[in-house]
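Residue-level structural notes
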Amino acid sequence: MSFIKFIGTAGARFVVTKQLRSSGGVWLSVGKTNLYIDPGPGALVRCLNSKPKLEPSALDGILLTHKHLDHSGDVNILIEAMTEGGFKKRGVLFAPGDALEEDPVVLKYVRNYVEKVEVLKENSEYRIGEIQFSTAQKHQHRVETYGINFKTSPRTVSLIADTKFFPDLPHLYRGEILIIHVVRLKPVVDEPIEHLSIEDVKSIIEKAKPKLTVLTHFGMTMIKAKPWAVAAELEKESGLRVIAASDGMKIDLERDLEN
Ligand SMILES: [Zn+2]
């Protein structure tokens, strides 16, 4: 079965460090290929505790959209789990150059465990098993960050990782399912960390018109506003299907998106 499972839906420092929601990113399975995206703190434990259990040794790859800790905290231990303690050289790590070079989040000795490290770059195509994906232009975020377009079947999926809003953004991600990291309820002028707000999400989906928008990676203001209520309001305003992810939520990629 092909599916996306939201291991964790916490975003930004407060929600992650207090674990008001789990952090841990997303598990994507397409056919027989398993890819972990943004293994934040707790990813390993949440995988093993999830029902049914997700087995990290079944992973074919791990992808970091960027090196911030809420996206990468468990990357080293997950590589170790994927490679059965480093004894089975296997899997691919995809990460932006700055996650590997300056102040790296992936330990050097752990890099030897994987079969291959692929550096993410702008507007590039990648493939791992049955999952083909591409990056768009670099996001506007403190560190090198990419969103992803997954050319998966039967549904295409796009993921907009952390970024400040920029005019091209609504045109870059055209997946039928659009996952958006929305940290803030309201925009913050000159915000130093650079994240999307619900207002930005509205501009994006009104142009991109995905069949299903999934909000995740919530900061404190989103948690307080109840993400499901915010999603329902957005759905009413936009006339598009919008849901808020919850920890452990699974989307079957074969399901009819209208229901
Ligand atoms: Zn970030």
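Now for a quick tour of the structure. (Residues numbered from 1 in each chain as written. Predicted model: local features only at pLDDT ≥ 70, side-chain atom pairs only at ≥ 80, totals over all residues. Heavy atoms only, no water.)

**Description of the overall build of the chain**
Quick note on the threshold: Helix numbering and strand numbering both begin at the N terminus, where a helix is a DSSP run of H or I of at least 4 residues and a strand a DSSP run of E of at least 2. Put simply, the radius of gyration uses C-alpha atoms, and a globule should come to 2.2 Å times the residue count raised to 0.38. Three exposure classes are used, based on accessible area relative to the maximum for each residue type with a 1.4 Å probe and protein chains only: buried under 20%, partly exposed in between, and exposed over 50%. Only heavy atoms matter for contacts: two residues are in contact if any of them lie within 4.5 Å across the pair. Only four residue types enter the tally: Lys and Arg on the positive side, Asp and Glu on the negative side; His and the chain ends are excluded. The location of each charge is read from NZ of Lys, CZ of Arg, CG of Asp or CD of Glu.
Counting its regular elements, the chain contains 10 helices and 15 strands. Computed over its C-alpha atoms, the radius of gyration of the chain comes to 17 Å, within 12% of the 18 Å expected for a compact globule of 259 residues. Once the C-alpha set of the chain is aligned to its principal axes, its extents read approximately 50 × 40 × 35 Å. Scored against the burial criterion, the 259 residues of the chain give a buried share of 59%. Restricting to contacts in the chain with at least 6 residues of sequence separation, those with at least 24 account for 63%. Each charge class in the chain can be summarised by its mean position, and for the 35 positive and 34 negative side chains these summaries are 3 Å apart.

**Some thoughts on the packing of helix α8 (residues 198-208) against helix α10 (residues 227-238)**
Angle between the axes and distance between the axes are the two parameters that describe a pair of packed helices. The line we're drawing: Inter-axis angles, ranging from 0 to 180 degrees, are taken between N-to-C directions of lines fitted to C-alpha atoms, where helices are fitted over the stretch in contact. In these notes the angle categories are as follows: under 35 degrees is roughly parallel, over 145 is roughly antiparallel, 65 to 115 is roughly perpendicular, and the rest is oblique. Each helix crossing is assigned a hand: it is left-handed if the near helix lies turned anticlockwise from the far helix by less than a right angle, otherwise right-handed if that turn is clockwise.
At a minimum axis separation of 11 Å, α8 and α10 run at an interaxial angle of 40°. Taken together, α8 and α10 sit at an angle that is classed as oblique. As for how α8 packs across α10, the hand of that crossing is right-handed. Contacts between α8 and α10 involve Ile-198, Val-201, Lys-202 and Ile-205 from the former and Val-230, Leu-234, Glu-237 and Ser-238 from the latter.

**Observations concerning the pattern of salt bridges**
Side-chain pairs of opposite charge can arise whenever the charged atoms involved come near each other. Condition: Basic side-chain nitrogens of Lys or Arg form a salt bridge, by our definition, when they fall within 4 Å of a carboxyl oxygen of Asp or Glu.
Scanning all chains against the criterion turns up 8 salt bridges. With a closest N to O distance of 3.2 Å, Arg-155 and Glu-176 form a salt bridge. One end of the pair, Arg-155, is in the loop between β9 (148-150) and β10 (157-160); the other, Glu-176, is in the loop between α7 (169-172) and β11 (177-184), and 21 residues separate them in sequence. Grouping residues by exposure puts Arg-155 and Glu-176 together as buried.

**Comments concerning the pairing of strand β3 (residues 33-37)**
So the rule is basically this: Only strands that DSSP links by at least two bridges are regarded as paired with each other. Seen with its strands pointing away from the viewer, a crossover is right-handed when the path leading from the first strand over the helix to the second is clockwise.
Judged by how many residues are buried, β3 sits mostly within the fold: 5 of 5 residues are covered. Here β3 shows no split at all, with Thr-33, Leu-35 and Ile-37 on one side and Asn-34 and Tyr-36 on the other all buried. Pairing between strand β2 (residues 26-30) and β3: 5 bridges, direction antiparallel. Note that in β3 the partner of Leu-28 across the bridge is Leu-35. Where β2 folds back onto β3 in an antiparallel hairpin, the turn is made up of 2 residues, including Gly-31, whose phi is positive at roughly 60°. Pairing analysis gives 3 bridges linking β3 to strand β4 (residues 61-63), with the strands arranged parallel. Among the inter-strand pairings, Leu-35 is bridged to a residue of β4, identified as Gly-61. Remark: the β3/helix α2 (residues 43-49)/β4 crossover connection has right-handed handedness.

**A word on the nonpolar core**
Stated formally: Here, nonpolar core refers to any group of buried Ala, Val, Leu, Ile, Met, Phe, Trp, Tyr and Cys residues whose side-chain atoms link them within 4.5 Å.
Within the largest apolar cluster, 30 residues are counted, with the highest numbers of intra-cluster contacts made by Phe-6, Phe-94, Phe-133, Phe-150, Ile-177 and Val-214. Sorting elements by how many residues they give to this core places β2 first, with 3 residues. Not counting chain neighbours up to four residues away, the residues in contact with Val-214 comprise Phe-6, Ile-177, Leu-178, Ile-179, Ile-180, Ile-243, Ala-245, Met-249 and Ile-251. If you look at the next biggest cluster of nonpolar residues, it comprises 28 residues, including Ala-136, Leu-172, Leu-234 and Val-242.

**Notes on the pairing of strand β5 (residues 92-96)**
When a strand is regular, its side chains alternate between the sheet's two faces. The buried count for β5 comes to 5 of 5 residues, which makes it a mostly enclosed element. The side-chain alternation of β5 yields two buried faces, one formed by Val-92, Phe-94 and Pro-96 and the other by Leu-93 and Ala-95. For β4 and β5, the ladder comprises 3 bridges, and the chain directions are parallel. Bridging from a neighbouring strand, Gly-61 pairs with Val-92 of β5. Across 5 bridges, β5 lies against strand β6 (residues 116-120) in parallel orientation. Residue pairing across strands places Leu-93 opposite Val-117, the latter belonging to β6.

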